[in-house]
Every structure is written in C-alpha cells, then in structure tokens.
Amino acid sequence: MSARTLFLTACAMLAFAGNSLLCRLALKTSQIDPATFTSLRLLAGALMLALLLRLRRGRTPMAGSWRGAAALFIYAAAFSFAYVSLDAGAGALLLFGAVQISMLLWGWHQGERPGPLSLAGLLLAFAGLLTLLLPGASAPPLTGALLMLIAGIAWGVYSLLGRSAGDALAATTGNFVRSVPMAVLLSLALLHSTSWDMHGVLYALTSGALTSGLGYAIWYTAITRLKAIQAATVQLSVPIITALAGALLPGEALSLRLGLSSLAVLGGIALVLMAKQRAKA
C-alpha cells in the first residue's frame with residue numbers, strides 16, 4: 001500500500017468516525033433536533049458532492065436511484081434519532097456490526113456458503129451485539145439501539161445497491177440529491193418539535209459536507225487502490241476510533257461491556273473476512 005493510499009484511507013476512516021462524533025455532539029450539547037440535523041446533513045452532503053462532481057473532468061452527470069436514496073435517507077434519519085440517547089462508541093459499534101452482518105447474510109442468501117470459520121465468526125459477532133444489548137446498568141437504551149441497528153441494515157442495503165451503480169461519485173451524488181426532499185418531508189412532519197441553534201447547525205453542515213460528502217469521495221478514491229479484503233478489514237478501525245474519541249465527550253466513558261462487545265463483534269467479522277481470503281487463495 002502506497003503512502004498516498006494509506007493517507008487517503010486514514011482520512012476516510014477518521015471521516016466515518018467523525019460522523020458519529022459530530023451527530024452525538026450536536027444532539028447532546030446543542031439545541032438541534034434529529035430531523036433538522038438529518039435534513040441539513042443530507043443537504044450539505046448533496047451540495048458538496050454536486051460540487052465535486054462538477055469539478056471533475058468530463059462533467060459526469062448524476063446517477064443513483066430512488067431506491068438508493070430511500071436507503072440513504074432511512075440510514076441518516078435512524079442514525080440521527082438513535083444518537084439522541086446512544087453514546088458515540090456504542091452507536092458506532094451497533095452501526096458497523098449491523099452493516100457488516102447484514103451484508104454477510106445477504107451474500108449467504110445469494111448462495112455464498114459459509115465454512116466453519118465463517119460461521120464461527122458470524123456467531124461470535126452476533127454474540128457481541130447481544131452482549132451489548134443485554135439488560136444492565138451499562139446497556140445502551142433499547143430504542144436507540146434498535147434505531148441504530150435499522151440504520152446499519154439500511155446502510156448495508158445502500159452498499160449492496162451501490163455495487164452495481166457504476167460511477168461511485170455520480171451515484172452517491174444522485175442519491176444524496178434525491179434524499180433531500182425525503183428529509184425535508186420528515187422535518188415538516190415533525191415541525192412542532194423543530195429546534196436548532198448555531199452550534200447544532202454547524203455540526204450538521206460539517207457532518208454533511210466534510211465527514212459525509214468529502215469523506216465518501218476520499219473513500220471512493222482510496223478503495224480503488226485497495227484489495228477487497230483490505231477495504232473490508234480497515235473499516236474495523238472505525239468503531240474503535242469512535243469509542244476512543246467518544247470517551248473524550250462529557251459523560252461518555254469506555255465501559256467493560258463495550259470493550260468486550262467490540263472484541264467479539266470486530267473479532268467475529270475479522271474471522272469471516274479471513275475465511276473469505278483463504279477461500280480465494
């Protein structure tokens with residue numbers, strides 16, 4: 001892996017972790033509501049991606065689909081509402097675990113037969129998520145946890161749809177643009193509970209333009225230089241980065257339950273990826 005690819009990959013992983021941190025920070029320390037945060041995030045992301053697409057050589061037209069936009073909107077909305085109650089680290093682990101597990105299950109549904117190592121990895125990852133969700137003093141709120149699992153499944157669907165989307169930047173731009181009216185409708189439906197302040201707006205715009213729009217563009221540049229197994233494995237770092245950085249937020253600390261759950265979920269997914277790599281060798 002070249003130094004440039006390593007740098008781009010590191011920037012992308014920091015951006016992905018930044019999405020969780022910015023959302024949690026906004027909903028915990030500012031007056032912005034989750035629907036308004038979602039709308040501003042998707043709007044800022046759409047504008048940033050449209051600008052990047054326009055500046056690219058060849059003036060590629062927008063692509064994407066309404067199905068992709070719907071999956072993106074469900075992810076973004078559930079993500080925001082989940083972080084009303086979830087800590088940054090727990091939310092990132094639930095999101096990442098749900099994304100990876102849902103995509104693995106879909107692959108097996110399509111005919112990819114799991115071997116013993118893959119099956120053991122999946123069961124370990126499931127056990128890790130269940131450990132995190134079991135009742136107890138350090139368990140995350142159930143409603144927030146379920147919303148984040150929905151967000152993860154929606155992002156998994158979005159990722160699966162993106163496999164056949166062709167030009168990644170053009171498809172992502174089109175999906176973001178199409179998702180904005182959906183987010184606006186959500187904000188209008190919840191107009192009675194709308195609230196915001198300048199800090200919340202800045203967090204939402206930064207999340208949309210930088211850690212979402214620019215972050216995705218950087219990732220799509222980096223991923224063309226990575227092997228599939230490298231691209232999948234490097235994302236194991238996102239929940240860890242988020243948990244460590246989230247511990248710096250007021251009232252959020254690393255717990256033994258979160259640590260054990262992280263080891264189980266990320267270790268289980270790593271086993272599955274290892275099994276896939278061996279099968280291709």
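Residues numbered from 1 in each chain as written. Predicted model: local features only at pLDDT ≥ 70, side-chain atom pairs only at ≥ 80, totals over all residues. Heavy atoms only, no water.

- Looking at an unreviewed UniProt entry, one finds the protein chain named Threonine/homoserine efflux transporter RhtA, with Pseudomonas straminea as its source organism.
- What the UniProt record of the protein chain gives under Subcellular location (unreviewed entry) is the line "Membrane". (UniProt positions renumbered as here; feature names shortened; annotations may be inferred.)

### A look at the packing of helix α2 (residues 34–55) against helix α7 (residues 168–189)
Here comes step 1: Between α2 and α7, the shortest axis-to-axis distance is 8 Å and the interhelical angle comes to 155 degrees. As far as their axial angle goes, α7 and α2 are roughly antiparallel. Crossing of α2 against α7: the hand is left-handed. Within the contact between the two elements, α2 uses Ala 35, Thr 36, Thr 38, Ser 39, Leu 42, Leu 43, Gly 45, Ala 46, Leu 49, Ala 50, Leu 52 and Leu 53 and α7 uses Leu 169, Ala 170, Thr 172, Thr 173, Phe 176, Val 177, Ser 179, Val 180, Ala 183, Val 184, Leu 186 and Ser 187. (Axes fitted to C-alpha atoms, helices over the stretch in contact; angles between N-to-C directions. Helix = DSSP H or I, 4+ residues; strand = E, 2+ residues; numbered from the N terminus. Parallel < 35°, antiparallel > 145°, perpendicular 65-115°, else oblique. Left-handed = near helix turned anticlockwise from the far one by under 90°. Contact = heavy atoms within 4.5 Å.)

### Points about the packing of aromatic side chains
Here comes step 1: The final tally for this structure, using the stated rule, is 8 aromatic pairs.
Here comes step 2: An angle of 85 degrees between the planes, with centres 5.1 Å apart, marks the rings of Phe 79 and Tyr 83 as edge-to-face.
Here comes step 3: The class for Phe 79 is buried, based on a relative accessible area of 1%.
Here comes step 4: According to the relative accessible area criterion, Tyr 83 is buried, its value standing at 0%.
Here comes step 5: The ring of Phe 79 is capped by Arg 41, whose NZ or CZ atom sits 5.0 Å from the centre of that ring. (Phe/Tyr/Trp six-rings, centres within 6.5 Å; stacked < 30°, edge-to-face > 60°. Buried < 20%, exposed > 50% of the residue type's maximum accessible area, 1.4 Å probe, protein only. Lys NZ or Arg CZ within 6 Å of the ring centre and 35° of its normal.)

### Regarding α7
Each turn of an α-helix holds 3.6 residues, which means side chains three or four residues apart point in the same direction.
Here comes step 1: Between its terminal C-alpha atoms α7 stretches 32 Å, which fits the 32 Å expected from 22 residues at 1.5 Å a residue.
Here comes step 2: Maximum bend of α7: about 25 degrees, positioned at Val 180, with proline Pro 181 one to four residues after it. (Expected span 1.5 Å × (residues − 1). Bend = angle between axes of the 7 residues up to and from the residue.)

### Remarks on the nonpolar core
Here comes step 1: Judged by nonpolar contacts, the single largest core of 67 residues is most densely connected at Leu 42, Tyr 75, Phe 79, Tyr 83 and Met 148.
Here comes step 2: Tallying contributions element by element places helix α4 (residues 88–109) first for this core, with 11 residues.
Here comes step 3: If we ignore the near neighbours within four places in the chain, the residues touching Tyr 83 are Ser 20, Cys 23, Arg 24, Leu 27, Ala 88, Gly 91, Ala 92 and Met 148. (Core = buried A, V, L, I, M, F, W, Y, C linked by side-chain atoms within 4.5 Å.)

### Quick word on the pattern of salt bridges
Here comes step 1: Across all of its chains, the model carries 1 salt bridge by this definition.
Here comes step 2: Arg 24 is paired through a salt bridge with Asp 87; the nearest N and O atoms lie 3.6 Å apart. With Arg 24 in helix α1 (residues 3–29) and Asp 87 in the loop between α3 (66–82) and α4, the pair connects residues that are 63 residues apart, well separated along the chain.
Here comes step 3: Overall, Asp 87 belongs to the partly exposed group, its relative accessible area being 30%. (Salt bridge = Lys/Arg side-chain N within 4 Å of Asp/Glu carboxyl O.)

### Thoughts on a nonpolar patch on the surface
Here comes step 1: The grouping of Val 184, Leu 185, Leu 188 and Leu 191 at the surface amounts to a nonpolar patch, some 400 Å² of accessible area in total.
Here comes step 2: Its place among the elements puts Leu 191 in the loop between α7 and α8 (198–223).
Here comes step 3: The exposure class of Leu 191 is exposed, given its relative accessible area of 54%. (Patch = residues over 30% accessible without salt bridge, like charges linked within 9 Å, V, L, I, M, F, W, Y side chains within 5 Å. Areas by Shrake-Rupley, 256 points an atom, 1.4 Å probe, with all protein chains shown as cover.)

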